[in-house]
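Summary of structural features
Chain by chain, the residues:
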2 protein chains.
Amino acid sequence: MKNARPKSNYLALNRRLDLKSHLVATFRIESKLPLKEIAQIVAGESSIGTWTEVGTLSESVFKRLSAKVIGLNTKKNLARIAYPIELFEPGNIPQLLSSVSGNIFSMKVVSKLRLVDLDLPLVYINSFAGPAFGIAGVRRKIKIPGRPLIGAIMKPKIGLSWRAHARFAYLCFKGGADLVKDDENLTDLKFNPFTNRVRETLRLARRAERETGEMKICAFNITAPADEMIRRAKYIKSQGGNCAMVDIMTIGFSGLQALRQAKLGLILHGHRAMHSAITRDPERGISMLVIAKLARLAGIDQLHTGTVVGKMAGSVEETVAINSFLKKPWGRIKKVMPIASGGLHPGLIARLYKITGPDVIVNFGGGIHGHPNGTLAGAQAVKEAVLAAVKGTPINKQAEDSPVLKAALKHWK
Amino acid sequence: MKNARPKSNYLALNRRLDLKSHLVATFRIESKLPLKEIAQIVAGESSIGTWTEVGTLSESVFKRLSAKVIGLNTKKNLARIAYPIELFEPGNIPQLLSSVSGNIFSMKVVSKLRLVDLDLPLVYINSFAGPAFGIAGVRRKIKIPGRPLIGAIMKPKIGLSWRAHARFAYLCFKGGADLVKDDENLTDLKFNPFTNRVRETLRLARRAERETGEMKICAFNITAPADEMIRRAKYIKSQGGNCAMVDIMTIGFSGLQALRQAKLGLILHGHRAMHSAITRDPERGISMLVIAKLARLAGIDQLHTGTVVGKMAGSVEETVAINSFLKKPWGRIKKVMPIASGGLHPGLIARLYKITGPDVIVNFGGGIHGHPNGTLAGAQAVKEAVLAAVKGTPINKQAEDSPVLKAALKHWK
């Protein structure tokens, strides 16, 4: 994040600005006005400006706090705007969003707007908590070095009783899953109450730990109003659990930050349901890269970033860029483990592994429970596929000695 | 909300479904697949389905919990999907969003998707807190019946010292504002610390109350991580304040619900900065009507819904529909006062009033502080314009006896 200065494909403006004391936002702007002019207007509305001159704005405030356009790329309609760091409250993600991605999306003079990227100064980055564990901390906690973690999503995503849920979770763990997670819409429901699910799943996870000699992670979905969410996180902790899952977009960043700041010692697993409502159109909204940066600041240990090869939209380049960001040094903020999730099955692992390397959680829902021989076989097949990918063994060769993997490859061709 | 059954412009399906026990979502879907087929797929992914058959899904769960397409309008690409109410946790907005507006936005088979509307069954509506005061409660609290409330936004939106902020707030109150609000990105900043601003603004608000004989509302922006947000709300309460402002979109619904559930006895004023990142493209994302419904469930007393006549995008029809929803009976959930904000000045009031009627907060930033004779005159001019609109006096006639209003009308032609 050091070099936020526009590169050769940008026309540079305000070259003397000290970027160590500025936050730089990159916008893609579509407007009838020339890019330079509309970029100035966007800079105004997202900092100290309004639509008419006001007597309350002094010359000195204007000089000290106004945002400046520092780079323009007219070919791609990109503008880079630098904001004095005094405009931002340390450690407050909602305030950051209200500033650089607030009213500007509503302006009539802008026909389309996208917040493409954010480059933050070190002092601001370090004002956030970041992940409590991060990639290294989670690996230390569960003692699995050097290979992707295997996640299993309970399916159907909603509808299992708590007993059935825990039983299937046990089969996943037994077959080789390192982590079992609730799906995005399973919270506290009549047929599957949260506390029952937590108690019973943890009981069977411990049994699987004894039987396999491996440590297991249970990611319980605590997505709820922030007060209730923290109560549920405390309940998980009280029962000896090690992880909570949240839907970061539907809870929002004030809830996510409060959860992290409650310091419960739980791994935070971040699902991103609803992100596409804001990230998918490349000309509007906010990029997933920006969302990932904010989630890392807030303190997610593990974040869904796309599969590259599964059922969901999103380009390979985008996911690679996001994963690369999550894994690189960033002030004192720990690294985040990306999660590949959505439509995965054993036949896709080798391709996925080539793109992601070992620091990834590979998540399977249908790709485990849809196995022709059931959930246990499904989890075993996935584990075989992951181990093969890590060793570099071709999947068909691995399948020669593994009937469950062979069956999986035949089932999902 | 009683009649969620598709009307004549929809092809009706699954007519026997009891809609009292179903939540109905209306989607606009663009896909290469025929509408009926893609609607079924969307219904699956947003309820109990996944991309492949799974052994863990029993016939009885499928029958009881699967979502059903109940209406299709192929001309407008609209589909109405009914979800069994058991799929939803009472009182949990994030879980609702994760279900009906989660992964479906990411599906490759869908090229564009918009959540257009939500019709909720009464039992579900009543599981939420809703506004603590609502329209009637706020009017009772500040003893202003039958006319629009006048709001003043401090400008520049960020940059004033706390002393200057409070002084200008005093002038607004003195001139006739009923409510003074922080802007969306002003929280706790070095040059304007939250606690100083609260103390000094409340002190001068009390002076203005004594001098004018009117009650005043100070809407302090507490947008922050949820734990900190609630601390700030408690601080406002401890200093005798009566209102807190939040940016509902950038804090997110888990934070908003937690704030309401903290039961602090403060009026909650909802700014919607960033909503356009998700609401503006009519073919994607989530409609502002849906956001407004969720904000009302969560417990906002006052909500920004567009000006119809100002600087921000949004159609007249849309704002009228939202305002109409906010003001109509809805289970046991109180009514919400809409706020018109963004680019307003005295010359626009008569037109605005014709559309909104008396139950509205008219907010002015530049339209007060940009007055050629300064903030006090600006507030006086606005008050004159509002009183004229309520009496039905033409604004130019009112201006004959009011130099400040005359100056305002001349300034913003």
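Before any of the text, the structure's been laid out above.
Description of the structure in this document. Keep in mind that this is a model prediction, so the values were computed, not measured.

Right, let's talk about the pattern of salt bridges for a bit. If you walk through the whole model with that rule in mind, you get 46 salt bridges over all chains. Ionic pairing is found between E211(A) and K174(A), a salt bridge with its closest N-O pair at 2.9 Å. Here K174(A) lies in helix 6 (residues 162-175) and E211(A) lies in helix 7 (residues 194-212), a separation of 37 residues in the sequence. Relative accessible area serves as the criterion here: at 40%, E211(A) is assigned to the partly exposed category. Using a relative accessible area of 36% as the deciding quantity, one classes K174(A) as partly exposed. Among the ionic pairs, D182(A) bridges to R197(A), the shortest N-O distance being 3.0 Å. One end of the pair, D182(A), is in the loop between strand 7 (179-181) and helix 7; the other, R197(A), is in helix 7, and 15 residues separate them in sequence. This pair shows no difference in class: D182(A) is buried, exactly as R197(A) is. Each of E89(A), D188(B), D227(B), E228(B), R231(B) and R232(B) takes part in salt bridges that share partners, so that together they form one network.

So, about the pairing of strand 5 (residues 112-119) of chain A. The side chains of a regular strand alternate between the sheet's two faces. Residue and element names in this part refer to chain A. When you tally the buried positions in strand 5, you get six out of eight residues, the bulk of the element. Pairing analysis gives two bridges linking strand 5 to strand 11 (residues 285-286), with the strands arranged parallel. Residue pairing for strand 11: R114 is matched across the bridge by G285.

Accessible area lost upon the coming together of the parts serves often as the stated size of an interface. Taken together, the contact pairs 92 residues of chain B with 92 residues of chain A. Scanning the region where chain B abuts chain A turns up six salt bridges. Viewed at the interface, chain A and chain B are joined by 44 residue pairs in polar contact (both at pLDDT 80 or more). For the side of chain B that touches chain A, the elements supplying multiple residues, two or more each, are helix 2 (59-65), helix 3 (93-100), helix 8 (226-238), helix 9 (248-251), helix 10 (253-261), helix 11 (276-279), strand 11 (285-286) and helix 15 (366-369) of chain B. Broken down by element, the side of chain B that touches chain A gets its largest block of residues, six residues, from helix 10 of chain B.

In this section: the sheet that holds strand 4 (residues 78-84) of chain A. Residue and element names in this part refer to chain A. Strand order in the open sheet formed by six strands is 1-3-4-2-5-11, with mixed pairing between adjacent strands. Strand pairing shows two members of the sheet lacking a second neighbour, strand 1 (11-12) and strand 11, which therefore form its edges. Of the strand pairs in this sheet, strand 2 (residues 22-30) and strand 5 are connected by seven bridges, and their pairing is antiparallel. Residue A25 lies in a different strand from strand 5, and its bridge partner there is L118. Along the sheet, helix 1 (residues 35-45) makes contact with strand 2, strand 3 (68-73) and strand 4, crossing strand 4 at roughly 30°. On the sheet, helix 12 (residues 288-298) packs against strand 5 and strand 11 and is oriented at approximately 40° with respect to strand 5.

Rules behind the numbers
Residues numbered from 1 in each chain as written. Chains lettered and ligands numbered in written order. Predicted model: local features only at pLDDT ≥ 70, side-chain atom pairs only at ≥ 80, totals over all residues. Heavy atoms only, no water. Salt bridge = Lys/Arg side-chain N within 4 Å of Asp/Glu carboxyl O. Helix = DSSP H or I, 4+ residues; strand = E, 2+ residues; numbered from the N terminus. Buried < 20%, exposed > 50% of the residue type's maximum accessible area, 1.4 Å probe, protein only. Pairing = 2+ DSSP bridges. Contact = heavy atoms within 4.5 Å. Polar contact = N/O pair within 3.5 Å; in protein donor to acceptor, adjacent residues only side chain to side chain. Axes fitted to C-alpha atoms, helices over the stretch in contact; angles between N-to-C directions.

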